[in-house]
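Given next are the chains, with one letter for each unit.
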Number of protein chains: 2
Amino acid sequence: MDFIKQPMEIENRSMEIIAPHLEGLNLSPEQVKVYSRLIHAAGDVDYAPIIKMSADAIEQAMTALKGGCDIYTDVEMVRTGINKRKLASFGGQVHCLIADEEVAKTAKEQGITRSMAAMRKFGQEMNGAIIAIGNAPTALFEVLRQVEEENLRPACIVGIPVGFVGAADSKAELAKQETVPFITVEGTKGGSPIAAAAVNAMMYLINNNRG
Amino acid sequence: MDFIKQPMEIENRSMEIIAPHLEGLNLSPEQVKVYSRLIHAAGDVDYAPIIKMSADAIEQAMTALKGGCDIYTDVEMVRTGINKRKLASFGGQVHCLIADEEVAKTAKEQGITRSMAAMRKFGQEMNGAIIAIGNAPTALFEVLRQVEEENLRPACIVGIPVGFVGAADSKAELAKQETVPFITVEGTKGGSPIAAAAVNAMMYLINNNRG
C-alpha cells in the first residue's frame, strides 16, 4: 500500500486534479480557490457547475473577516470544521446555539427545528457577520426571513444546507438575493464540511498562508 | 416561503424520497436504514449504488455498540457528528487524537498526516471498537496496515474518507477486507457527516428510537 502521506503534497495534488473541472466557468483567481475547496471537501467534481455566489461575496466576506467579524453557524459540525485559530487571529469567533437549552425549549414549544430557533435567537447580532449554514434548510429560511422582514444585513451568507426536504428550495431563495452577498450550491447536495470549507477558503485567501 | 418545519416530518419525508433509489439493491431492513441515513447526510442519491458493506457489518457493529464499545475517529468533525448522548447510554465514548500535541509532533517529524499519526497512537486500543473515518485516506491506510501487520481486530471499520488523493484507493482496499467487517463508499465521495451518519444509524437501530 503505497500512498501520499505528506499533507501539503496531498492538498496540492488535489487542487491539480480539480483545476480542469473549473475551466470555462470564468472564475476569478479567488473564486477558483473557494470553488476548489468546496469540491475538495465533497470529493465531488459535479459541484463545479452548481456552486453559485454573488459577484461581491468573497470580497465582502474577506473584508468582514479582516475586520474581526464573528461567524454564526446552524450546527456544531460547521463550527468544528471552521479553522478557529485562524479566525481568532483576525479577532473573530464562532457562535452556535443548537445545543442551547432555551433554544431546545422554544423549538419544542413551537414545533420548529432547533437550528431555526437558534437563528431566531441570534437575530440582529448577525449584522455584519458571516452566517454559515451547512445542515438545516429551516435555518436558512429563517435567516432569509430576517433579511426580508427585519432588515438583517450580514456581510455574507454561506448557505449550503443539505437534503431532500427544503434544501434545494431554501438555496434557490438565497440565490435570488440582491441585498446580501451569498455563497451556495444548487440542489440537494451540501453539508457542514462544504460550508466550513467556504469560510476557511476565504480566511486562507487573506494572508495567502495557513493559520 | 412555506416549508416543513417539524423535525420528524422532515426526516420521514426525506426517507420516503430516498426509498425508491434503494429498490433492486436487495437490502435487509437494517441496511435500508443505514443506506438511507448515508444518502440523507450527503443529499445525494448517487450514493445508493456505491455504498458497500460486508454482510455482517451492521450486526457486528450493533453487538459491539450494545456491549458499550468505544468509537475512534480520525477528525473532530466525525466526533461532533456522532450522537454522544445515545452512545453514552450504551456505555461508550468517542476518541479523537487529531488535536493531540504529541500526535502533531510525531506527524511533523515523520512527514505524515496528523490523522495517520493519531491512528498509530491508538493502536491496539481499537480492538473490539468501531473505527469511524470520515476525512483522511491516510488514517484508513494506517488502520488497514495495523489489521494486516499487527492483528488489529476492530468490531467494524466505517471507512468513508473523502477526496481525490488516496480516498478511492484506501476504500477499495477496505472493501477487500475479509477479516474485519466494514462499511464504505466507493470512489472519491464521502466525508465526516457520512461516516457519523453510519454510526448514528446503527445506534438508532438498537432501540428503534432516538436517544
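Computed from a predicted model, the values in this text were never measured in an experiment. (Residues numbered from 1 in each chain as written. Chains lettered and ligands numbered in written order. Predicted model: local features only at pLDDT ≥ 70, side-chain atom pairs only at ≥ 80, totals over all residues. Heavy atoms only, no water.)

Q: Got a sec to walk through the sheet that holds strand 3 (residues 94–96) of chain B? Specific residues and values, please.
A: All names here are of chain B. One open sheet holds the 6 strands; their spatial order is 1-6-5-4-2-3, and the pairing between them is mixed. Both edges of this open sheet fall to strand 1 (51–53) and strand 3, since each of them pairs with a single strand only. Within this sheet the neighbouring strands show an average axis-to-axis angle of 15 degrees, counted without direction. Across 3 bridges, strand 5 (residues 156–159) lies against strand 6 (residues 182–185) in parallel orientation. Residue pairing for strand 6: Ile157 is matched across the bridge by Phe182. (Pairing = 2+ DSSP bridges. Helix = DSSP H or I, 4+ residues; strand = E, 2+ residues; numbered from the N terminus. Axes fitted to C-alpha atoms, helices over the stretch in contact; angles between N-to-C directions.)

Q: Which residues make up the pattern of salt bridges, and what are the values?
A: Scanning the entire structure with this criterion turns up 26 salt bridges over all chains. A salt bridge links Lys189 of chain B to Asp44 of chain B; the nearest nitrogen and oxygen atoms lie 2.7 Å apart. On the criterion of sequence distance, the pair formed by Lys189 of chain B in the loop between strand 6 and helix 10 (192–207) and Asp44 of chain B in the loop between helix 2 (29–42) and strand 1 is long-range, its members being 145 residues apart. An identical accessibility class is assigned to Lys189 of chain B and Asp44 of chain B; each is buried. Residue Lys105 of chain B is joined to Glu109 of chain B by a salt bridge in which the shortest nitrogen-to-oxygen separation is 3.3 Å. Separated by 4 residues within a single helix, Lys105 of chain B and Glu109 of chain B lie in helix 6 (residues 101–110), roughly one turn from each other. Exposure class is identical for Lys105 of chain B and Glu109 of chain B. Each is exposed. Because the salt bridges share partners, they merge into one network encompassing Arg120, Glu142, Arg145, Glu149 and Glu150 of chain A. (Salt bridge = Lys/Arg side-chain N within 4 Å of Asp/Glu carboxyl O. Buried < 20%, exposed > 50% of the residue type's maximum accessible area, 1.4 Å probe, protein only.)

Q: Would you mind going over the pairing of strand 6 of chain B in detail, with residue names and values included?
A: Residues and elements named next belong to chain B. Every second residue of strand 6 is oriented toward a common face, with Phe182 and Thr184 on one face and Ile183 and Val185 on the other, all of them buried. As judged from the 3 bridges shared by strand 1 and strand 6, these two strands associate in the antiparallel manner. Residue pairing in the sheet places Ile51 in a bridge with Val185 of strand 6. As for the winding sense of the linkage, the β-α-β connection from strand 5 through helix 9 (residues 167–175) to strand 6 is right-handed. (Right-handed = clockwise from strand over helix to strand, strands pointing away.)

Q: Which residues make up the UniProt feature "domain: Cobalamin biosynthesis precorrin-8X methylmutase CobH/CbiC" (unreviewed entry) in chain A, and what values go with them?
A: Per the UniProt annotation, the sites labelled "domain: Cobalamin biosynthesis precorrin-8X methylmutase CobH/CbiC" (unreviewed entry) are residues 9–205 of chain A. In residues 9–205 of chain A, helix accounts for 52% and strand for 11%; the two terminal C-alpha atoms are 19 Å from one another. (UniProt positions renumbered as here; feature names shortened; annotations may be inferred.)

Q: So what's going on with the environment of Ala201 of chain B? Which residues, and what values?
A: Residue and element names in this part refer to chain B. Within the secondary structure layout, Ala201 lies in helix 10. Between the alpha carbons of Ala201 and Val34 there is a distance of 5.4 Å; along the sequence they are 167 residues apart. Those residues in contact with Ala201 that lie beyond four places of it in its chain are Lys33, Val34 and Arg37. (Contact = heavy atoms within 4.5 Å.)

Q: Which residues make up the interface of chain B and chain A, and what values go with them?
A: Each partner contributes residues to the interface: chain B has 41 residues there, and chain A has 41 residues. Overall, the association of chain B and chain A removes approximately 3200 Å² of surface from exposure, summing both partners, and the carbon and sulfur fraction of that is 79%. One can count 2 salt bridges joining chain B with chain A. Connecting chain B to chain A are 5 residue pairs in polar contact (both at pLDDT 80 or more). Of all the secondary-structure elements, those providing two or more residues to the side of chain B that touches chain A are helix 1 (7–18), helix 2, helix 4 (76–81), helix 8 (137–150) and helix 10 of chain B. (Buried area = accessible area lost by both parts, 1.4 Å probe. Polar contact = N/O pair within 3.5 Å; in protein donor to acceptor, adjacent residues only side chain to side chain.)

Q: Account for the relation of the copies chain B and chain A, naming residues and giving values.
A: Laying chain B over chain A is done by rotating through 180 degrees and shifting 0.0 Å along the axis; what remains is an RMSD of 0.0 Å. This pairing of chains is accounted for by a two-fold axis. Among all residues of chain B, the minimum C-alpha distance to the rotation axis is found for Met77 of chain B, at 2.8 Å. Interface residue correspondence from chain B to chain A reaches 100%, placing this contact among same-surface, isologous pairings. (Least-squares fit on C-alpha atoms with pLDDT ≥ 70 in both.)

Q: So what's going on with helix 9 of chain B? Residues and values would help.
A: All names here are of chain B. All of the buried residues in helix 9 are Ala167, Ser170, Lys171 and Leu174. Burial along helix 9 is one-sided: seen end-on, the buried residues are contained in an arc of 95 degrees. For helix 9, the elements touching its buried residues are helix 8, strand 5 and strand 6. (Arc of directions from axis to C-beta.)

Q: Describe the sheet that holds strand 5 (residues 156–159) of chain A, listing the residues and the values that go with them.
A: Residues and elements named next belong to chain A. Here 6 strands make up an open sheet; going across it, the order is 1-6-5-4-2-3 and the pairing mixed. The strands lining the two open edges of the sheet, one partner per strand, are strand 1 (51–53) and strand 3 (94–96). On average, each strand axis in the sheet is tilted by 15 degrees relative to the strand beside it, whichever way the strands run. Along the sheet, helix 9 (residues 167–175) contacts strand 5 and strand 6 (182–185); its crossing angle with strand 6, the most-contacted strand, is approximately 145 degrees.

Q: Pulling in residues and values, what's your account of the environment of Pro181 of chain A?
A: Residue and element names in this part refer to chain A. Looking at the element boundaries, Pro181 is found in the loop between helix 9 and strand 6. On the basis of relative accessible area, Pro181 is assigned to the buried category, the value being 9%. Residues Pro181 and Ser54, 127 residues apart in the sequence, show an inter-C-alpha distance of 5.6 Å. Setting aside anything within four residues of it in sequence, one finds Pro181 in contact with Ser54, Asp56, Ala57, Gln60, Pro154, Ala155, Cys156 and Ile157.

Q: Any details on the packing of helix 8 (residues 137–150) of chain A against helix 9 of chain A? Residues and values, ideally.
A: Residue and element names in this part refer to chain A. Two elements in contact, helix 8 and helix 9, have axes separated by 9 Å at closest approach and are oriented at 25 degrees. Comparing their axes, helix 9 and helix 8 come out roughly parallel. When the axes of helix 8 and helix 9 are compared, the crossing they make is left-handed. Of the residues in helix 9, those in contact with Pro137, Leu140, Phe141 and Leu144 of helix 8 are Ala167, Asp169, Ser170, Lys171, Glu173 and Leu174. When its residues are assigned to classes, the contact of helix 8 with helix 9 shows 6 nonpolar, 1 polar and 3 charged. (Parallel < 35°, antiparallel > 145°, perpendicular 65-115°, else oblique. Left-handed = near helix turned anticlockwise from the far one by under 90°. Nonpolar A, V, L, I, M, F, W, Y, C, P; charged D, E, K, R; others polar.)

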